[in-house]
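Now for the letters of each chain:
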Amino acid sequence: MQGGRKVLDATVVGKSKVEVRGGRVKPAKNPDAAWVEVGTEPVIVGRNAACRLVLDDGKVSAVHAELVATEQGVRVRDLGSRNGTFVGGVRVGEVYLAIAGKLRIGETELLFEPAAPERIALSSVSAFGPMVAQSPSMRGIFERLTKVASTDLTLLITGETGTGKELVAQAMHHASPRARRPFVVVDCGSIPPTLAEATLFGHERGAFTGAVDKRLSPFQEADGGTIFLDELGELPLDVQPKLLRALAERRVKPVGGSAYREVDVRVLAATRRDLVRAVNANSFRSDLYFRIAQIKIELPALRQRLEDIPILVRRMLKDLGDEAAYERIATTTLERLMRHDWPGNVRELRNAVAVAHALAGEGEELDIAAHLGALTEAPLAGPIFGGGGGAAGTFKGQKFQDAKRDVLARFERDYFAALSDDAKGNVSEMARRAGMERAHVRAYLRRHGISVKQDPAEAQD
């Protein structure tokens, strides 16, 4: 109890089983074709040979659509294809199928037949490395990570900024047989395009202007361990086939060198971009995508798993050495956390917990919600709303989404302009203060036309 109010407990008991509705599909014009069963593991449909259901149809994209069994039926999701996915003559982005029918993908019709509902057990794995959760989605992810940790399969981790992609990669490394060997991070988003090959594979002295010293490839630095390619989606297209070759042959050749060097590494990668859509837009190679995504983990946003907030807060306080402080959090505070939309995801929650813990006096209530982003928690006033006279006149006649977009754009511009001034234009310092990656800070700066000086932390040899 805190101040006469019961504090929500961090332990959430989830359902042990869930009923899913699957089905099966096959090309309509090929009666001899085998049915492809659709279960809880996604079935990828496309022209690429690595897809689960391969369609020999020039109007079908390399990676066209995804089918997966859910509680609502088989979810069909178009993956940014050129020519679309159609159900009943209607082009769909995402739809749930529960009755027999036909899909049209490119110029190919697929027959769909639903299966009887099936009850499946949910994972009981509630932690992986330093990560904890009670939501079914995260427990399922933890179970998959536990199964593949001891293998050398490549892993692609996707999700919004702040969902914990690098934390997953670190936990995978520490849970693997390579744990005692190096864990090397390469931020592909911070590599200048002209130096991408030299940064990935190393270079000899004098290989190009400015190469005053020899530089070892991070693949060699990680030999025997794990290399983590963060923001892989930002890698220039012309370097992608060279990376594919390095992964396939397990050897690298430095720029300016004449000999290949053997490497023994496990490759993990992460991106906030939708690489499947990038494949269909020809900005990312499909063969590299399938080579990297032997196992694909999509981390849900925090707003999609709000039931994890109590257990996350307790774990964060434990990491700060004061788990008992959880008892000083009021029910109203946790309720406010559950209503927040979490644009910064788990990283935003961690920052708020750390600030609240640092500022609270001994025995005082821990008001985490008071330290959330100003956009959602602070009173909206000032120039955004027109001379402090309130919002009514400024937004009169505007649709809600338009008004919200205008407020967000002004907030971003003001926030990053002030951040740039405080950090004297140093992008690394701005990223540290904002709790963001440098590549994401730069994207906001470009979007709002805020100029900064060259960042010494990103200077190349």
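Details of the structure are given in the entry above.
Residues numbered from 1 in each chain as written. Predicted model: local features only at pLDDT ≥ 70, side-chain atom pairs only at ≥ 80, totals over all residues. Heavy atoms only, no water.

A. Fine view of the pairing of strand β6 (residues 65-70). Counting buried positions along β6 gives six out of six residues, so the element sits mostly inside the fold. Residues A65, L67 and A69 line one face of β6 and the alternating positions E66, V68 and T70 line the opposite face, and both faces are buried. Pairing analysis gives three bridges linking strand β4 (residues 43-46) to β6, with the strands arranged antiparallel. Note on β6: the bridge partner recorded for V45 is A65. (Buried < 20%, exposed > 50% of the residue type's maximum accessible area, 1.4 Å probe, protein only. Helix = DSSP H or I, 4+ residues; strand = E, 2+ residues; numbered from the N terminus. Pairing = 2+ DSSP bridges.)

B. Representation of the packing of helix α13 (residues 427-434) against helix α14 (residues 438-447). Where α13 meets α14, the closest approach of the two axes is 9 Å, and the angle between their N-to-C directions is 105 degrees. For the element pair α13 / α14, the angle class is roughly perpendicular. Together, V427, S428, M430 and A431 of α13 and R438, V441, R442 and L445 of α14 make up the contact between the two elements. Of the residues in the contact of α13 with α14, the class split is five nonpolar, one polar and two charged. (Axes fitted to C-alpha atoms, helices over the stretch in contact; angles between N-to-C directions. Parallel < 35°, antiparallel > 145°, perpendicular 65-115°, else oblique. Contact = heavy atoms within 4.5 Å. Nonpolar A, V, L, I, M, F, W, Y, C, P; charged D, E, K, R; others polar.)

C. Just α14, in detail. Among all positions of α14, only A439, H440, V441, R442 and L445 are buried. Of the residues trailing α14, G449 is marked for its positive phi of about 65 degrees.

D. Structural context of the layout of surface pockets. What the second largest pocket holds in volume is close to 470 Å³. For the second largest pocket, the lining is made up of 24 residues, of which T163, G164, K165, L167 and R350 are closest to its centre. Of all the elements in the fold, those that place two or more residues in the lining of the second largest pocket are β15 (131-132), α1 (136-148), α2 (165-174), β18 (226-230), α8 (309-319) and α10 (345-359). For the lining of the second largest pocket, the class distribution of residues is eleven nonpolar, four polar and nine charged. (1 Å grid on protein atoms, 1.4 Å probe; cavity = no way out; pocket = protein on both sides within 12 Å on 5 of 7 lines; lining within 4 Å. Points joined across faces, edges and corners; volume = space filled by probe spheres on them.)

E. Representation of the nonpolar core. Core analysis: the largest hydrophobic core is formed by 39 residues, its most contacted members being F219, L229, L232, L243 and Y289. Elements with a contribution of two residues or more to this core: β17 (183-187), α3 (196-201), β18, α5 (240-249), β21 (266-271), α6 (275-280) and α7 (286-292). Excluding anything up to four places from it in sequence, L243 contacts F201, F219, L229, L232, L235 and L288. Listed in part, the 24 residues of the second largest apolar core include W342, L349, A352 and L372. (Core = buried A, V, L, I, M, F, W, Y, C linked by side-chain atoms within 4.5 Å.)

F. Representation of the sheet that holds strand β7 (residues 73-78) in the model. Strand order in the open sheet formed by five strands is β5-β4-β6-β7-β10, with mixed pairing between adjacent strands. Both edges of this open sheet fall to β5 (53-54) and β10 (94-97), since each of them pairs with a single strand only.

G. Fine view of the environment of G93. Counting through the fold element by element, G93 comes out in the loop between β9 (90-92) and β10. The contact partners of G93, leaving out residues within four places of it in the chain, are V76, R77 and D78.

H. Spatial organisation of the sheet that holds β17. The five strands lie next to each other as β17-β18-β21-β16-β22, forming an open sheet whose pairing is parallel. At either end of the open sheet lies a strand with only one pairing partner, and these are β17 and β22 (295-298). With direction set aside, neighbouring strand axes in the sheet form an average angle of 20 degrees. With four bridges joining them, β18 and β21 adopt parallel strand pairing. For F228, the partnering residue across the bridge sits in β21 and is L268.

I. Fine view of the pattern of salt bridges. If you walk through the whole model with that rule in mind, you get 20 salt bridges. Two residues, E231 and R272, come together in a salt bridge whose shortest N-O distance is 3.7 Å. One end of the pair, E231, is in the loop between β18 and α5; the other, R272, is in the loop between β21 and α6, with 41 residues separating them in the sequence. Residue classification places R272 among the partly exposed positions, given a relative accessible area of 35%. (Salt bridge = Lys/Arg side-chain N within 4 Å of Asp/Glu carboxyl O.)

J. Layout of the packing of aromatic side chains. What the rule picks out here adds up to five aromatic pairs. An angle of 15 degrees between the planes, with centres 4.7 Å apart, marks the rings of F416 and Y444 as stacked. Of the two residues, F416 sits in helix α12 (residues 400-422) while Y444 sits in helix α14, which places them 28 residues apart along the sequence. Overall, Y444 belongs to the partly exposed group, its relative accessible area being 23%. Aromatic rings pair up to connect Y415, F416 and Y444 into one cluster. A cation over an aromatic ring shows up here: R24 above the ring of W35, its NZ or CZ 4.2 Å from the ring centre. Here the basic side chain of R314 rests over the ring of Y326, its NZ or CZ set 4.3 Å away from the ring centre. (Phe/Tyr/Trp six-rings, centres within 6.5 Å; stacked < 30°, edge-to-face > 60°. Lys NZ or Arg CZ within 6 Å of the ring centre and 35° of its normal.)

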